[in-house]
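# Per-entry structural report
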Amino acid sequence: MGYRKLAASGMNAPLRLTYKVNYESTGKTLPDQDLAALALPLEVDQDFWRLAGIKIWADGEGGANPATAYVREHYKGRPGDFGLVNTTQEDLNNAVAAVHKAGLGMFIHSSGDKSHDMVLDAYEYALKWYNDQETPMVLEHFGVIMGHPESFARAVDLGVYACIQPFWISTFPANTVTNLGQERAEALAFHFKDMIDAGLEPAYGSDQTGTQRGDDDTLFSIELMITRRTSEGDLFLPDQALTIDQALRVMTIWAAKALGEGHIKGSLEVGKYADM
């Protein structure tokens, strides 16, 4: 593992690095892994090197054309097509429980609403065995292409974090309407304000392993959360616009919390790193 070797080499890092280990998409082999072996050596400067947890992929891509996210209802004009699912509920449950037991964060790519159901089921399963909500449980892309109010409420109850990609407001709405239909897309896609109103604290993610160049343009992402302006010049669901304060929290303190670092990063407070 590259980052672990760099940390163990004694290299003086020029910035603080928090990383995730990407496993094969299904997570089926995770219960058989020695996850303790991923831990950084004790001599490593923990202020500069930190392992956040494990990432796997539960379903396909909601922003693809055609979309392949795993959905409850078939795609518009594609009867019988519910997208791709990469795992079974049993394998997902066991993978999340194994990672949770090891004290590592769990980060799961999940674009479709049916996939969200599976991931939330797996997180609930893990909490029954290892009741530790301090270990981050994250739904990557939750509420971006799809998100239901009852799923938001359930995530809040479980202590699950949502990782969102605001840049996609610029690029994905038209494609989402094509894949889901106008009514369904408007009911489910990019409801960031509703997520916050439900009690979630959505965290910014650049998705640099994913599909869009420009995701790492943080200032533009803040602008998009406030303006809701697409690349075509339209305003997509302007009633879901965030305030400047909310958008800044998405980019800072809420993102730090989703990595398990809210106590040391994300805001300027006594006892936290003074990184500016």
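My aim in this report is to walk through the structure given alongside it, one point at a time.

Parameters at a glance
Residues numbered from 1 in each chain as written. Predicted model: local features only at pLDDT ≥ 70, side-chain atom pairs only at ≥ 80, totals over all residues. Heavy atoms only, no water. Pairing = 2+ DSSP bridges. Helix = DSSP H or I, 4+ residues; strand = E, 2+ residues; numbered from the N terminus. Buried < 20%, exposed > 50% of the residue type's maximum accessible area, 1.4 Å probe, protein only. Right-handed = clockwise from strand over helix to strand, strands pointing away. Core = buried A, V, L, I, M, F, W, Y, C linked by side-chain atoms within 4.5 Å. Contact = heavy atoms within 4.5 Å. 1 Å grid on protein atoms, 1.4 Å probe; cavity = no way out; pocket = protein on both sides within 12 Å on 5 of 7 lines; lining within 4 Å. Points joined across faces, edges and corners; volume = space filled by probe spheres on them. Nonpolar A, V, L, I, M, F, W, Y, C, P; charged D, E, K, R; others polar. Salt bridge = Lys/Arg side-chain N within 4 Å of Asp/Glu carboxyl O.

## What to know about the sheet that holds strand 1 (residues 17-22)
- Strand order in the open sheet made by the six strands is 1-2-3-4-5-6, with parallel pairing throughout. In this open sheet, the two edge strands, each paired with only one partner strand, are strand 1 and strand 6 (203-204).
- Bridge count for strand 2 (residues 49-57) against strand 3 (residues 105-109) is five bridges, and the pairing is parallel. Paired with Gly53 across the two strands is Gly105, which belongs to strand 3.

## A look at the environment of Leu127
- Considering the arrangement of structural elements, one finds Leu127 in helix 3 (residues 113-129).
- Take Leu127: its relative accessible area is 10%, and that puts it in the buried class.
- Measuring from C-alpha to C-alpha, the distance between Leu127 and Val96 comes to 9.5 Å, with 31 residues separating the pair along the chain.

## Focus on unusual backbone geometry
- The omega torsion of the bond from Asn65 to Pro66 falls at 5 degrees, within 30 degrees of zero and hence cis.
- By the secondary structure assignment, Pro66 is in the loop between strand 2 and helix 2 (89-101).
- At His141, a position not held by glycine, the phi torsion is positive, near 80 degrees.
- Taking the relative accessible area as the measure of exposure, His141 reaches 1% and is therefore buried.
- With a phi close to 65 degrees, Arg228 is a non-glycine residue in the positive phi region.
- With respect to the helices and strands, the residue Arg228 is situated in the loop between helix 9 (218-227) and helix 10 (244-251).

## A closer look at the pairing of strand 3
- Judged by how many residues are buried, strand 3 sits mostly within the fold: five of five residues are covered.
- What joins strand 2 to strand 3 is helix 2, and the crossover it makes is right-handed.
- Pairing geometry for strand 3 and strand 4 (residues 137-140), over four bridges, is parallel. Each residue of the ladder has a partner; that of Ile108, found in strand 4, is Leu139.

## Points about the nonpolar core
- In this structure, Ile54, Ile108, Phe190 and Phe192 are the most contacted members of the largest nonpolar core, which totals 73 residues.
- Examining the composition of this core, we find that seven residues originate from one element, helix 3, more than from any other.
- Each residue touching Phe192, except ones within four places of it in the same chain, is listed here: Gly143, Val144, Ile164, Pro166, Ile169, Met225, Arg228, Gln240 and Leu242.
- Counting seven residues, the second largest nonpolar core, distinct from the first, contains Phe107, Val138, Cys163 and Ala203.

## Section: empty space enclosed by the protein
- For the structure on display, the rule yields one cavity of 30 Å³ or more.
- Roughly 30 Å³ of volume is contained in the largest cavity.
- What lines the largest cavity is Gly62, Ala67, Ala69, Val71, Tyr75, Ile145, Met146, Thr176, Asn179 and Leu180.
- Classifying every residue of the lining of the largest cavity by side-chain character gives seven nonpolar, three polar and no charged.

## Observations regarding helix 6 (residues 173-180)
- Of all eight residues making up helix 6, six are buried, and the element is well covered by its neighbours.
- Within the sequence span of helix 6, burial applies to Pro173, Asn175, Thr176, Val177, Asn179 and Leu180.
- In this structure, the buried side of helix 6 is in contact with helix 5 (168-171) and helix 7 (182-188).

## A word on the pairing of strand 2
- Burial within strand 2 is extensive, with seven of its nine residues counted as buried.
- The sheet contact formed by strand 1 and strand 2 spans six bridges and is parallel. Opposite Val21, over in strand 2, you have Ile54 as the bridge partner.

## Some points on the pattern of salt bridges
- The final tally for this structure, using the stated rule, is 13 salt bridges.
- Between Asp121 and Arg154 there is a salt bridge whose closest N-O contact spans 2.5 Å. Placement of the pair is Asp121 in helix 3 and Arg154 in helix 4 (residues 149-158), with a sequence separation of 33 residues.
- Residue Asp121 is classed as partly exposed on the basis of its relative accessible area, which comes to 32%.
- The salt bridge involving Asp245 is made with Arg249; its shortest N-O contact spans 3.0 Å. In this pair, Asp245 and Arg249 are both assigned in helix 10, four residues apart and thus about one turn of the helix distant.
- Assessed through its relative accessible area of 45%, Asp245 is described here as partly exposed.

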